[in-house]
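# A closer look at the structure
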Amino acid sequence: MLPMPPIRTAGQPAIFRQLLLEMAQERSLDKLLELVVSRLYAIPQVALSRVWLIGPGDICSACHMRDECPDQTSCLHLVASAGASQVDDADWSGLNGKFRRFPLGVRKVGHIAASGESVEIRDIEKESKWIVRPDWAKRESIHGFRGEPLDHQDEVLGVLAIFTREAPGQSLSWLRLIADHAASAIANARAFEEIERLQTQLELENEYLRDEVKTAQGFGDIVGRSPALLKVLDQVSLVAPTVTSVLIQGETGTGKELMARAIHERSQRSGGPLIKVNCASIPSDLFESEFFGHLKGAFTGAVRDRVGRFELAGGGTLFLDEVAEIPLDMQSKLLRVLQEQTFERVGDERPRSADTRIVAATNRDLRIEVEEGRFRQDLYYRLSVFPIEVPPLRQRREDIPLLASHFLKLHSRRSGFPEPKVKKRHYLQLENYSWPGNVRELSNVIERAIITSQMGPLRLDLPESSEESPPPKGGRRLLTDAEIRQKERENLVAILEETGW
């Protein structure tokens, strides 16, 4: 509540002018209401000043005027009060008294709100029908009352009332002016509060939407809304905040590295580094040095000390891509580091700690690799505490148009070429292709199409259809061009593996 004026003065014109100015400037409804009643109470003859505003029926079961209430859906709520007893100096500014609610149309205050008419009592003793507590009025020398409807644009918002210790006369006609300005100020304050509420709500919604965008698109460059992809993203969200080792499995080009990055960025280690090791690109005799580092002179070519990937990833995440390519002898050393959380650099006997989370990825089925003796079973169990299977693009065809649009914008921006126009037939062509190279192949096809479109309309370099051909009458199914290329690739990879690459 606003502080009561220390001196009550008879300078009414100055009080009114100041009150009108202050009401026009106040945007807070609570402060406005306190301002009105406290300034009116500063007028010498005013014993009590109050404001009721119409609101929903809320305490009907406890209201002592419930039996008189014709409609319990709405009533007058006491929202501001200023006054004091001349007998015992009791403070009348409380809002929880007996008259904190008034039914509409009941008693003088309710009549004002229901009718929109002013009520003035010049002599309370002679017009006692308007007074609920005549003993209180007599004890406090209350002689007069005036109440005004708070009317704004033909709507009654509430009631402004004062009780005086002098018989009211023409000197109280100013209350109508105060009530009119107060009603406008109340409507404006409510509008400002509604604007602030909506602005706060908008800010919260924007924040929520930003979080939604971060959830939907904050997985690196992962694009899509298919059920298959969303299921994987749910798994990423579940495991990311933990320190559990994750094994990401999926065909080449499905975006396993993006999933690993998403796990890191949504983990408690996101402030640390994400270090990637492409296990397929490391010569077999350099695995230990690459993982754990080495000292100068540890072997031929070690001309200086080198920090290994485990040490670089301290406090962060180590992403072991193509983990199935790690040699068997190195797998045992990797397992020991994961179990003991310590390692030594090549040529060094001093143990170092390995505060590193492991996320591994492979396009092979490690269970088959274990069965055929190419991968240690104990390391497999250690890495695959939480396995995630990334679906191939052919199992999430709903995402192909989104991905195509994404790559069109991305590659057009990078190349500096204008973004070509894509027609419905192009999308159908993309959706009918089986994508053996998955998202990576789609990206390459779009990039190539952007380049060639500079010489003419957009053309997608794809077979007309890669759907499985129906089996002929003889019962043998014919392979499509795409399937033949995939078989050739698998055969080439097998030859390279047999010959040690």
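The model shown is predicted, which means the values in this text are computed figures rather than measured ones. (Residues numbered from 1 in each chain as written. Predicted model: local features only at pLDDT ≥ 70, side-chain atom pairs only at ≥ 80, totals over all residues. Heavy atoms only, no water.)

It is worth spelling out the pairing of strand β1 (residues 46–56) at this point. Two faces belong to every sheet, and in a regular strand the side chains alternate between them. Burial analysis of β1 places 9 of its 11 residues in the buried class, the great majority of the element. As judged from the 7 bridges shared by β1 and strand β6 (residues 155–164), these two strands associate in the antiparallel manner. When the bridges of β6 are listed, Ser49 appears paired with Ile162. Strand direction decides the pairing type here: β1 and strand β2 (residues 74–83), joined by 9 bridges, are antiparallel. (Buried < 20%, exposed > 50% of the residue type's maximum accessible area, 1.4 Å probe, protein only. Helix = DSSP H or I, 4+ residues; strand = E, 2+ residues; numbered from the N terminus. Pairing = 2+ DSSP bridges.)

Here the focus is the pattern of salt bridges. Counted by the stated rule, this structure contains 29 salt bridges. With a closest N to O distance of 3.9 Å, Arg261 and Glu257 form a salt bridge. A residue pair is termed a helical-turn pair when its members lie 3 or 4 positions apart in one helix, as Arg261 and Glu257 do in helix α7 (residues 256–265) at 4 residues. What makes Glu257 partly exposed here is its relative accessible area of 32%. (Salt bridge = Lys/Arg side-chain N within 4 Å of Asp/Glu carboxyl O.)

Look at helix α2 (residues 29–41): 18 Å from first C-alpha to last across 13 residues, which is about the 18 Å you get at 1.5 Å a residue. Among the 13 residues in α2, 10 count as buried, and that is most of the element. (Expected span 1.5 Å × (residues − 1).)

Here we take up the packing of helix α13 (residues 400–415) against helix α14 (residues 424–431). At a minimum axis distance of 10 Å, the contact between α13 and α14 shows a crossing angle of 115°. Seen from above, α13 lies across α14 with right-handed handedness. Counting all contacts with α13, which are made through Ile400, Pro401, Ala404 and Ser405, the residues of α14 involved are Tyr427, Leu430 and Glu431. Classifying every residue of the contact of α13 with α14 gives 5 nonpolar, 1 polar and 1 charged. (Axes fitted to C-alpha atoms, helices over the stretch in contact; angles between N-to-C directions. Left-handed = near helix turned anticlockwise from the far one by under 90°. Contact = heavy atoms within 4.5 Å. Nonpolar A, V, L, I, M, F, W, Y, C, P; charged D, E, K, R; others polar.)

For the rest of this paragraph, the subject is the sheet that holds strand β15 (residues 386–389). Reading across the sheet, the 5 strands line up as β8-β11-β14-β7-β15 and stay open at both edges, with parallel pairing between neighbours. The open sheet has two edge strands, β8 (274–278) and β15, and neither has a second partner. Strand-to-strand twist in this sheet, taken as the mean axis angle between neighbours without regard to direction, amounts to 20°.

A word on helix α6 (residues 227–239). For an α-helix the count is 3.6 residues per turn, leaving residues at separations of three or four pointing the same way. With 13 residues, α6 should cover 18 Å at 1.5 Å per step; its first-to-last C-alpha distance of 19 Å lies within 8% of that length. Along α6, the residues that are buried comprise Leu229, Val232, Leu233, Val236 and Val239. Taken end-on, α6 shows its buried residues confined to a sector of 130°, consistent with a single buried face. In α6, the exposed residues that point more than 90 degrees away from the buried face are Pro227, Lys231, Asp234 and Leu238. Where the residues of α6 are buried, they touch β7 (246–249), α7, β14 (357–362) and β15. (Arc of directions from axis to C-beta.)

Turning our eyes to something else, we now look at the environment of His426. Within the element layout of this structure, His426 appears in helix α14. For the pair formed by His426 and Pro401, sequence separation is 25 residues and the distance between their alpha carbons is 9.5 Å. Among residues more than four places away in sequence, those in contact with His426 are Lys421, Leu458 and Leu460.

The next point concerns the packing of aromatic side chains. The description of two aromatic rings rests on the distance between their centres and on the angle between their planes. Taken as a whole and assessed by the stated rule, the structure comprises 13 aromatic pairs. When the ring of Phe292 is compared with that of Phe343, the centres are 5.8 Å apart and the planes differ by 25°; the resulting orientation is stacked. Taken together, the residues span a long stretch of sequence, with Phe292 in helix α8 (residues 287–292) and Phe343 in strand β12 (residues 342–343) at a distance of 51 residues. For the pair shown, Phe292 and Phe343 are each scored as buried. Ring geometry for Phe310 and Phe343: centres 6.3 Å apart, planes at 40°, overall tilted. Highlighted residues: Phe310 in helix α9 (residues 309–312) and Phe343 in strand β12, separated in sequence by 33 residues. Considered together, Phe310 and Phe343 belong to a single accessibility category, that of buried residues. Here the aromatic residues Phe287, Phe291, Phe292, Phe310 and Phe343 are joined through ring pairs into a cluster of three or more. Note that Arg27 overlies the ring of Phe192, its terminal NZ or CZ placed 4.1 Å from the centroid. For Lys108, the ring lying beneath its charged end belongs to Phe145, and the centroid distance is 5.1 Å. (Phe/Tyr/Trp six-rings, centres within 6.5 Å; stacked < 30°, edge-to-face > 60°. Lys NZ or Arg CZ within 6 Å of the ring centre and 35° of its normal.)

In this section: unusual backbone geometry. Within the chain, Ser141 stands out as a residue other than glycine whose phi angle is a positive 60°. Its location among the elements puts Ser141 in the loop between α4 (134–139) and β5 (144–152). Residue classification places Ser141 among the partly exposed residues on the basis of a relative accessible area of 29%.

Here we take up empty space enclosed by the protein. Inspection of every chain in the model, using the stated rule, returns 1 cavity of 30 Å³ or more. Its volume calculated, the largest cavity comes out at about 90 Å³. Lining of the largest cavity is provided by 13 residues; of these, Cys60, Cys63, Cys69, Cys75 and Arg101 occupy positions nearest its centre. Counting only elements with at least two residues in the lining of the largest cavity, the list comes to β2 and β3 (101–102). Counted by class, the lining of the largest cavity contains 7 nonpolar, 3 polar and 3 charged residues. (1 Å grid on protein atoms, 1.4 Å probe; cavity = no way out; pocket = protein on both sides within 12 Å on 5 of 7 lines; lining within 4 Å. Points joined across faces, edges and corners; volume = space filled by probe spheres on them.)

With that out of the way, let us pick up the confidence of the model for the protein. Overall, the prediction assigns the protein a mean pLDDT of 83, with 85% of residues at 70 or greater. A low-confidence stretch, residues 1–11 stays under pLDDT 50, and its non-local contacts, those more than four residues away or across chains, total 22 contacts. Under a pLDDT of 50 for its full length, residues 465–477 has, in the predicted model, 20 contacts with residues more than four places off or in other chains. (pLDDT = per-residue confidence, 0-100.)

Before going further, it helps to spend a moment on the packing of α6 against α7. Packing of α6 against α7 leaves a shortest axis separation of 8 Å and a crossing angle of 35°. Between α6 and α7 lies a crossing whose hand is right-handed. Taking contact as the criterion, the partners of Leu229, Val232, Leu233, Val236 and Val239 in α6 are, on α7, Met259, Ala262 and Ile263. A class-by-class count of the residues in the contact of α6 with α7 yields 8 nonpolar, no polar and no charged.

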